[in-house]
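Examination of the molecular architecture
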Amino acid sequence: MGNVLVLAEHRQGELRDISIEMLALAPSVAEALGGEVMVLLLGSEVGPMAEKIAGHGVKVLVVDDPLFADYNSDKYQKVLSALIDDYKPKLVMMGQTAQGVDLAPALAVEKGLPFVPDIIGLEVEGGVIKATRQLYSGKVNAQVALKEADTGLVTVREAAFEAPDPSTAGAVEKIDSPLKEDLDYRKFVEYIEAEIGDVDITQSEILVGIGRGLKEDKNLPVAEALAEVIKADLCGSRAACDAGWLPDDRQVGTSGKTVQPKLYICMGISGAFQHIAGIKGAKTIVAINKDPNAPIFAEADYAIIDDLHKIVPQLTEKLKELKG
Ligand SMILES: Cc1cc2nc3c(=O)[nH]c(=O)nc-3n(C[C@H](O)[C@H](O)[C@H](O)COP(=O)(O)OP(=O)(O)OC[C@H]3O[C@@H](n4cnc5c(N)ncnc54)[C@H](O)[C@@H]3O)c2cc1C
């Protein structure tokens, strides 16, 4: 049977978005393979989390054991290795996250699994699993067929898929841990939260993005005024952040953050592929650029070809009026 085993990820008691995002893909792949989706949840006292996942109409296999209170790649690898032998899933999916990047290659080597990392698409054609991944920082999308094998492995890019809404009630099944004893050679020591500035742009619903076209930081109020009216957070291209107009944690793109706002209004940003890679998850993109050939327009839903210094204040005024 072509079952798909999805590894759920959580941190500090919170289910991570990627766990549900993967469920945007897994059911259609499982269906095409003639199997079902099983989500594996390893943790301690994770009952509510298991129910939350099951609410997406999938079967959740839970190892609820204090040994899994914190993430440890060696423990996860031992469990997954044993469960792959027991359940023989056709495909294992996990996030392209710090955890997934740590765990997946080692698991692939141990089990000799065909492995495609950082995928942004997944389908089955004639029984062959095909994954899409980006090459050259997003310039090229390549479809990679997984070599025929009992089990394949992919890691899924974060924020590349919209998390589906809860659907029908699935099932939660507690299973025995294949790991009976703690490991003495690798221990979880402490969790250190990465510093997040005053705003976490990965969570913003509306973003106003600025680029080099803003020219200088004394023009920042042009963007700030628009952001204030539409209750947006500010972010920028690397050029804008390197210039010091915004802090580094506001940079969007391959070497910055991946964002998925409902609305992204960007001004004076050319749309280099490194920037575009970070905004693929944006629902609606409005681009303001005076160059009609700027690559950003290939991504934009709405294009305003004009000088931002002329257009943005007018847009801000109009929006103010409309808001009454
Ligand atoms: C390894 C690597 C990683 C990178 N990572 C990132 C990343 O994470 N994020 C990122 O953004 N970039 C990244 N870059 C840089 C990227 O290649 C571009 O250089 C950068 O995105 C350009 O920023 P920009 O669009 O603001 O500036 P530019 O490319 O200089 O574009 C400015 C735009 O403003 C327009 N403009 C000028 N004046 C006006 C005006 N008055 N009104 C309207 N439009 C105007 C111009 O027509 C132009 O299109 C990376 C590069 C490398 C090599």
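Each remark here, short or long, concerns the structure printed above.
Residues numbered from 1 in each chain as written. Predicted model: local features only at pLDDT ≥ 70, side-chain atom pairs only at ≥ 80, totals over all residues. Heavy atoms only, no water.

Moving on, we come to the layout of surface pockets. The volume enclosed by the largest pocket comes to roughly 1100 Å³. Arg11, Arg16, Glu158, Thr202 and Lys257 are, among the 34 residues lining the largest pocket, the residues nearest its centre. Among the secondary structure elements, those contributing two or more residues to the lining of the largest pocket are strand S3 (14-15) and helix H1 (17-21). If you tally residues by element for the lining of the largest pocket, the top one is H1, at three residues. Of the residues assigned to the lining of the largest pocket, the class counts are ten nonpolar, eleven polar and 13 charged. Per-domain counts for the lining of the largest pocket show at least three residues from each of domain 1 (2-174) and domain 2 (201-323). (1 Å grid on protein atoms, 1.4 Å probe; cavity = no way out; pocket = protein on both sides within 12 Å on 5 of 7 lines; lining within 4 Å. Points joined across faces, edges and corners; volume = space filled by probe spheres on them. Helix = DSSP H or I, 4+ residues; strand = E, 2+ residues; numbered from the N terminus. Nonpolar A, V, L, I, M, F, W, Y, C, P; charged D, E, K, R; others polar. Domains from an automatic or database assignment.)

For the rest of this paragraph, the subject is helix H6 (residues 220-229). For H6, every residue scored as buried is listed here: Leu220, Ala223, Leu226, Ala227 and Val229. Buried residues along H6 sit against strand S12 (206-210), strand S13 (233-236), strand S14 (263-267) and helix H9 (308-323). Of the residues flanking the end of H6, it is lysine 231, one or two places downstream, whose phi is positive at about 55°. (Buried < 20%, exposed > 50% of the residue type's maximum accessible area, 1.4 Å probe, protein only. Contact = heavy atoms within 4.5 Å.)

What follows covers the pairing of strand S6 (residues 91-95). With respect to burial, S6 is a largely interior element, five of its five residues being buried. The two faces of S6 match: Leu91, Met93 and Gly95 on one face and Val92 and Met94 on the other face are all buried. As defined by bridge partners, strand S1 (residues 2-7) adjoins S6 across three bridges and the pair is classed as parallel. Bridge pairing in S6 places leucine 5 opposite valine 92. By the bridge criterion, five bridges tie S6 to strand S10 (residues 152-156) in an arrangement that is parallel. The residue of S10 that forms the bridge with leucine 91 is glycine 152. (Pairing = 2+ DSSP bridges.)

Attention shifts here to empty space enclosed by the protein. A water-sized probe, rolled over the atoms, reveals where empty space remains. The final tally for this structure, using the stated rule, is one cavity of 30 Å³ or more. Lining the largest cavity are Lys90, Gly127, Val128, Ile129, Leu146, Lys147, Glu148, Ala149, Thr151 and Gly152. For the lining of the largest cavity, the per-class residue count stands at four nonpolar, three polar and three charged.

With that settled, consider the site of the ligand. Every one of the 26 residues lining the ligand counts as a neighbour, but Arg212, Ser237, Val252, Ser255 and Ser270 are closest to it. The separation between an oxygen atom of the ligand and a polar side-chain atom of glutamine 274 is 2.8 Å. In the model, a nitrogen atom of the ligand is placed 2.9 Å from a nitrogen or oxygen of the aspartate 307 side chain. Isolated, the ligand exposes 990 Å² of accessible area, and the fraction of that covered by the protein chains is 75%. When residues of the shell around the ligand are traced back to their parent elements, those giving at least two are helix H7 (238-242), helix H8 (273-276) and H9. The residue inventory of the shell around the ligand, partitioned by class, reads five nonpolar, 14 polar and seven charged. (Near = heavy atom within 4 Å. Polar contact = N/O pair within 3.5 Å; in protein donor to acceptor, adjacent residues only side chain to side chain. Areas by Shrake-Rupley, 256 points an atom, 1.4 Å probe, with all protein chains shown as cover.)

Turning our eyes to something else, we now look at the packing of aromatic side chains. When we look at a pair of aromatic rings, we describe it by the centre distance and by the angle of the planes. Inspection of the entire model under this criterion finds two aromatic pairs. Their ring planes at 70° and their centres at 6.3 Å tell us that phenylalanine 68 and tyrosine 76 sit as a pair that is edge-to-face. Across the pair, exposure class does not vary: phenylalanine 68 and tyrosine 76 are buried alike. Summarising the aromatic geometry, the rings of tyrosine 71 and tyrosine 76 are spaced 4.8 Å apart at their centres and angled 70° between planes, so their arrangement reads as edge-to-face. Considered together, tyrosine 71 and tyrosine 76 belong to a single accessibility category, that of buried residues. Every member of this aromatic cluster is reached through a ring pair, and the members are Phe68, Tyr71 and Tyr76. (Phe/Tyr/Trp six-rings, centres within 6.5 Å; stacked < 30°, edge-to-face > 60°.)

Strand order in the open sheet formed by nine strands is S9-S8-S7-S10-S6-S1-S4-S5-S11, with mixed pairing between adjacent strands. If you trace the sheet from one side to the other, it starts and ends with strand S9 (140-145) and strand S11 (171-174), each paired once. Pairs of neighbouring strands in the sheet enclose a mean axial angle of 30°, with direction left out of account. Taken together, the six bridges between strand S8 (residues 128-135) and S9 define a ladder with antiparallel strand orientation. Paired with leucine 135 across the bridge in S9 is valine 140. Packing against the sheet, helix H2 (residues 26-33) makes contact with S1, strand S4 (34-43), S6, strand S7 (115-125) and S8, and its axis sits at approximately 135° to S4. (Axes fitted to C-alpha atoms, helices over the stretch in contact; angles between N-to-C directions.)

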